[in-house]
Amino acid sequence: MDFSFNDEQRLFRDSLRAFVDKEIIPVARDWEQSGRYPAEIVAEMRTLGLFGLAIPETYGGLGADTVSFVLTFEEISRGWMGIAGILGSHSVSCFMIANHGTEEQKQQYLPRLATGELRTGIALTEPGAGTDLQGIRTTARLEGDHYVVNGSKTWITNARYANPLPVLVKTDPAATPAHRGMSVLLVDTTSEGFSVEKDIPKLGYKGTESCELRLDNVRVPRSALLGGVEGKGMRQALSSLETGRVNIAARSVGIAQRAYEEALRYAREREAFGQPIGDFQAVQIKLAEIAIQLQAARLMTYWAASQMDAGARMDAESGMAKVFSSETALQCALDAMRIHGGYGYSAEFEVERLYRDAPLMAIGEGTNDVLRTVIAKALLGGKAHVG
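Please read these numbers as outputs of a predicted model, since none were measured by experiment.

1. Side note on the packing of aromatic side chains
- All chains considered together, the criterion is met by six aromatic pairs.
- Note on Y266 and F349: the rings are 6.2 Å apart at their centroids and 85 degrees apart in plane angle, and the pair reads as edge-to-face. Taken together, the residues span a long stretch of sequence, with Y266 in helix α6 (residues 233–269) and F349 in the loop between α8 (315–340) and α9 (350–361) at a distance of 83 residues.
- Residue Y266 is classed as buried on the basis of its relative accessible area, which comes to 10%.
- Note on F349: relative accessible area 24%, which makes it partly exposed.

2. Description of the side chain of Q9
- If you trace the backbone, Q9 turns up in helix α1 (residues 7–34).
- Judged by its relative accessible area of 9%, Q9 is buried.
- Within the structure, the side chain of Q9 is placed 3.1 Å from the side chain of D65, a separation counted as a polar contact.
- Once residues within four sequence positions are removed from consideration, Q9 is found in contact with D65, V67, S68 and L71.

3. With respect to a nonpolar patch on the surface
- On the surface, M1, F3 and L299 cluster together into a nonpolar patch covering about 420 Å² of accessible area.
- One can find M1 in the segment before α1.
- Taking relative accessible area as the criterion, M1 reaches 92% and is therefore assigned exposed.

4. Quick look at helix α2 (residues 39–47)
- Residues of α2 that are buried include every one of I41, V42 and M45, and no others. The buried residues of α2 occupy an angular sector of 100 degrees when the element is viewed end-on, so they sit on one face.
- Close packing links the buried residues of α2 with α1, α3 (66–79) and α4 (81–100).
- Where α2 ends, the next residue or the one after it, G49, has phi of about 80 degrees, a positive value.

5. As for the side chain of E32
- Relative to the helices and strands, E32 resides in helix α1.
- Setting aside chain neighbours within four positions, we find E32 in contact with W80, K206, R353 and R356.

Reading guide: rules and limits
Residues numbered from 1 in each chain as written. Predicted model: local features only at pLDDT ≥ 70, side-chain atom pairs only at ≥ 80, totals over all residues. Heavy atoms only, no water. Phe/Tyr/Trp six-rings, centres within 6.5 Å; stacked < 30°, edge-to-face > 60°. Helix = DSSP H or I, 4+ residues; strand = E, 2+ residues; numbered from the N terminus. Buried < 20%, exposed > 50% of the residue type's maximum accessible area, 1.4 Å probe, protein only. Polar contact = N/O pair within 3.5 Å; in protein donor to acceptor, adjacent residues only side chain to side chain. Contact = heavy atoms within 4.5 Å. Patch = residues over 30% accessible without salt bridge, like charges linked within 9 Å, V, L, I, M, F, W, Y side chains within 5 Å. Areas by Shrake-Rupley, 256 points an atom, 1.4 Å probe, with all protein chains shown as cover. Salt bridge = Lys/Arg side-chain N within 4 Å of Asp/Glu carboxyl O. Arc of directions from axis to C-beta.

What follows is the structure in structure tokens.
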């Protein structure tokens, strides 16, 4: 059993780490607090080819293995989790197009998405339908060679920059069960009737926008139906969310890693009662617990990634990694804040931002409670095994 990276993965991680240390960490706190969009960082990610992570080499992408995929989100989130969000939604969408699109759709979009010339996201959630995707109300009515789309979406990352934007719709609202009438359309966001209504104010996850969208009689050509067949949208979305879950697990590891680094540095430098606080047993116990949970989360995330690379079904594995890693990020951020004492509550220290970014990891790509039921059903149905 090999727990080490191969040479290619090691070099990839080292280049990512150097990029984060040089380009992201020095500006993250100031830019996050000012609400500044990280255009320069996005441009550098284009140069590094990171927008092509989930795109096969055939179409100009990196064709990265899943371990390298999670390494990317771990390292970037160590610097600033909001930046990882820009790349994450884009990558999930690219995975969806690469795995479910027609050849014409792949040729049309993937080469330009790989370079970052085009960027994308994914529009699933609605004001009244988050976890229950079958409850969406956005409809697409076929009129001749166009669909006419009406509805709204919310919490859409990259909303102001995405084109095309995969949108989950109901092409047959009367279908039973509902998922049989659901499809994905690759919507041109410059179309008449498509509008970004507002940016949602957030506790954390800043640097990238999260928006509410409205589609008012938006005309979408029939050729933009993902895969060319109606009724496949739910399956297309759920298979793509498996990559989204290991993405979130990796982001969580990145947050926890930064929390560990900040707590360790502070424990060495801060003095109380004439000695570094790291000499006190209570602080040592917290540091050790952060390190233990962090390394366990990292190994579980890499394990899930390696299972995906092996072609295994990933419902339970990606769910386990996402749940455990996100809970770890929450606890590590809190413990790091406690080690900092009063300074941990100050926006002048990194742990304050980590503490605000971590909660989203327990909510995004399926809440942890819902994923626990997904894991349990896979175990009960014999689709997943432990031991």
